[in-house]
Amino acid sequence: MAKRKPARLEQTVEIALTVNGIKVTRRIDARQHLIDFLREELGLTGSHVGCEHGVCGACTLRVDGKIVRGCLTLAAQADGRSVETIEGLSDAGTIAALQEAFHKRNALQCGYCTPGMLIAAHDLVTRHPRATRDEIREHLSGNYCRCTGYHAIVDAIESVLKAKSSNPV
Amino acid sequence: MKAPPFAYARPKSLAEAFDLLHSHGDDARVLAGGQSLLAALNMRLSAPRLLVDITRIPGLSGIQRAGNKITIGALTTHAEIERSPVIARAAPLLAQAAPHIAHAAIRNSGTIGGSIALADPAAEWPACCVALDATFVLAGKKGRRRVRAREFFHDLYATALKSAEVLTAVEIPVPQAGSRSVFLELTRRRGDYAMAGVAAVAKAARGALSDVRLAYLGVGRTPLLARKAMAAIEGKPLSAAAIKSAQDALAGDLDPDGDVYSAPATKLHYARVLTRRALEALNG
């Protein structure tokens, strides 16, 4: 392309978003990922950074109610959106049943994957209340755990689904 | 790693986006869902000076059917296609392919337009679009033009898209009544890049397949329509011998490069296995 603007490009951007129900406004580097914004600007270190290229799922978050990768989302893209992290979902009691089941079944060891795992599991429990074990595994295929071998995680999620279907709220 | 520094613009209209892309040329990259671009930036495989985020431009998202044509806006996410009743009814191949794309969290952000514009040889949508004879709407400062899927993919990550053009929609002809489809791929783990895959469409009647279209992914530099294999099976009763003749013909259609996992001959073997499975599924 011939025509190029020599002008220096602005590499920061102003964003305003809601994080766990609280309005936040910041000027940030355009290149900053949502996960780094939450951890470093807001001190919400519950969401973890693993592979930084969308494979491991440790940074799973909710944006406008949908699960996304925090490392494949720019903070700038979350401008005007509503972001929920493990801190918000935990404090609100939204994932209490899953947390309890993970605890009971030993579905975590080092805990690094657990916040992302819980958010992905919550997405399944809300959207597919009748999910089979295969479907649970499929839904969690984007969340790596290097401790448990997954079996206990699938057990925990299955137990929450079963409790829900036998005792619908 | 972290992405290298860049500037970020979020145009509110296509006209504004074209202006930005024109003034910054190759220094600018279009950002849609970002599920491939941001991963590439994090790995420092690319270092654009400006990202042009087109996701807030109105009118580029959604699925509509009008008569025998389905139009899918470029910003429609993989998850929206996966759950669309219109797609399930009128273009089931896309509903079959969607769950193979990465993982749930990525399908919520990634878009069909982004996948097609990137033209990753292992991607699902390009092969589906070739199998369904889709047409892409490409828009630029000078207006819109339409390019058929089978003429769009030129080479590895190279397409008919010109500099400062944006893919705005995918148009899919609704398959005729009686048409069946199947999507298969081989991966080492669920959601991984396909080692090989096939998007197949045909009509099945009295034990024979007709109007067969077999488009392969992950076995070439672009999605590939296997014309010789299609001709070998067209209209014939689906016997073991007919399937074998289609499998044998594949060697004339595909000339895969090897990769870190599979030698070229292995890739061709995957394609043969997928072909048998696909033809049997179409007939069954």
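Residues numbered from 1 in each chain as written. Chains lettered and ligands numbered in written order. Predicted model: local features only at pLDDT ≥ 70, side-chain atom pairs only at ≥ 80, totals over all residues.

Caption draft 1: The overall build of chain B, seen in detail. When helices and strands are tallied, chain B shows twelve helices and 14 strands. At 19 Å, chain B has a C-alpha radius of gyration in line with the 19 Å of a compact globule built from 284 residues. Projected onto its principal axes, the C-alpha positions of chain B cover 60 × 45 × 30 Å. Expressed as a percentage of its 284 residues, the buried residues of chain B come to 50%. (Helix = DSSP H or I, 4+ residues; strand = E, 2+ residues; numbered from the N terminus. Rg over C-alpha atoms; globule rule 2.2 N^0.38 Å. Buried ≥ 20, exposed ≤ 12 C-beta atoms within 10 Å, placed from the backbone.)

Caption draft 2: Fine view of the sheet that holds strand 2 (residues 28–31) of chain B. All names here are of chain B. What the three strands build is an open sheet, ordered 1-3-2; its pairing is parallel. Each edge of the sheet is formed by a strand with only one pairing partner; in this case those strands are strand 1 (7–9) and strand 2. Averaged over all pairs of adjacent strands, the angle between strand axes in this sheet comes to 25°, irrespective of strand direction. Bridge analysis of strand 1 against strand 3 (residues 50–53) gives three bridges, and the strand direction is parallel. Each residue of the ladder has a partner; that of Y8, found in strand 3, is L51. Its contacts with the sheet place helix 1 (residues 14–24) against strand 1, strand 2 and strand 3, and it is angled at close to 165° to strand 3. (Pairing = 2+ DSSP bridges. Axes fitted to C-alpha atoms, helices over the stretch in contact; angles between N-to-C directions. Contact = placed C-beta atoms within 7 Å.)

Caption draft 3: Fine view of the pairing of strand 3 of chain B. All names here are of chain B. Across the two faces of strand 3 the burial is the same, with L50 and V52 and L51 and D53 all buried. Looking at chain direction, strand 2 and strand 3 are connected through four bridges and run parallel. Residue pairing across strands places R29 opposite L51, the latter belonging to strand 3. Once the chain exits strand 2 it traverses helix 2 (residues 37–42) before rejoining the sheet at strand 3, and the crossover so formed is right-handed. (Right-handed = clockwise from strand over helix to strand, strands pointing away.)

Caption draft 4: Quick look at unusual backbone geometry. Positive phi, close to 50°, is recorded for A:D64, a residue that is not glycine. Within the fold, A:D64 resides in the loop between strand 3 (60–63) and strand 4 (66–69). A positive phi angle, close to 50°, is found at B:D211, a residue other than glycine. Along the polypeptide, B:D211 turns up in strand 13 (residues 208–217).

Caption draft 5: Structural view of the sheet that holds strand 12 (residues 196–205) of chain B. Residue and element names in this part refer to chain B. Strand order in the open sheet made by the four strands is 11-12-13-14, with antiparallel pairing throughout. One side of each edge strand has no neighbouring strand; the edge strands of this open sheet are strand 11 (179–186) and strand 14 (224–225). Relative to the sheet, helix 12 (residues 264–283) contacts strand 11, strand 12 and strand 13, its axis offset from that of strand 12 by approximately 30°.

Caption draft 6: How the structure looks around the interface of chain A and chain B. With 32 residues of chain A at the contact, the number on the chain B side is 33 residues. Elements supplying a minimum of two residues to the side of chain A that touches chain B: strand 4, helix 4 (114–127) and helix 5 (133–139) of chain A. No other element matches the four residues that strand 4 of chain A contributes to the side of chain A that touches chain B. Here the side of chain A that touches chain B is composed, by residue class, of eleven nonpolar, ten polar and eleven charged. (Nonpolar A, V, L, I, M, F, W, Y, C, P; charged D, E, K, R; others polar.)

Caption draft 7: Structural detail: the pairing of strand 4 of chain A. Residue and element names in this part refer to chain A. Alignment of strand 3 against strand 4, held across four bridges, turns out to be antiparallel. Bridging from a neighbouring strand, R62 pairs with I67 of strand 4. Two successive antiparallel strands, strand 3 and strand 4, enclose a turn made up of two residues, where D64 displays a positive phi of approximately 50°.

Caption draft 8: The domain arrangement of chain A, seen in detail. Residues and elements named next belong to chain A. Segmentation of chain A into domains returns domain 1 (12–85) and domain 2 (95–166). Counting residues at the interface gives eleven residues for domain 1 and ten residues for domain 2. Ranked by residue count, the leading element in the side of domain 1 that touches domain 2 is strand 3, at three residues. Looking at the side of domain 1 that touches domain 2 residue by residue, the class counts come to five nonpolar, five polar and one charged. (Domains from an automatic or database assignment.)

Caption draft 9: A look at the domain arrangement of chain B. Residue and element names in this part refer to chain B. Under the domain assignment, chain B is made up of domain 1 (7–53), domain 2 (63–173) and domain 3 (180–283). Relative to domain 3, the C-alpha centre of domain 2 lies at a distance of 21 Å. With 23 residues of domain 2 in contact, the opposing surface of domain 3 contributes 21 residues. Where the side of domain 2 that touches domain 3 is concerned, the elements lending two or more residues are helix 5 (92–97), helix 8 (124–131) and strand 8 (153–155). Per-element tally for the side of domain 2 that touches domain 3: the top contributor is helix 8, with six residues. Of the residues belonging to the side of domain 2 that touches domain 3, the class tally is 16 nonpolar, four polar and three charged.

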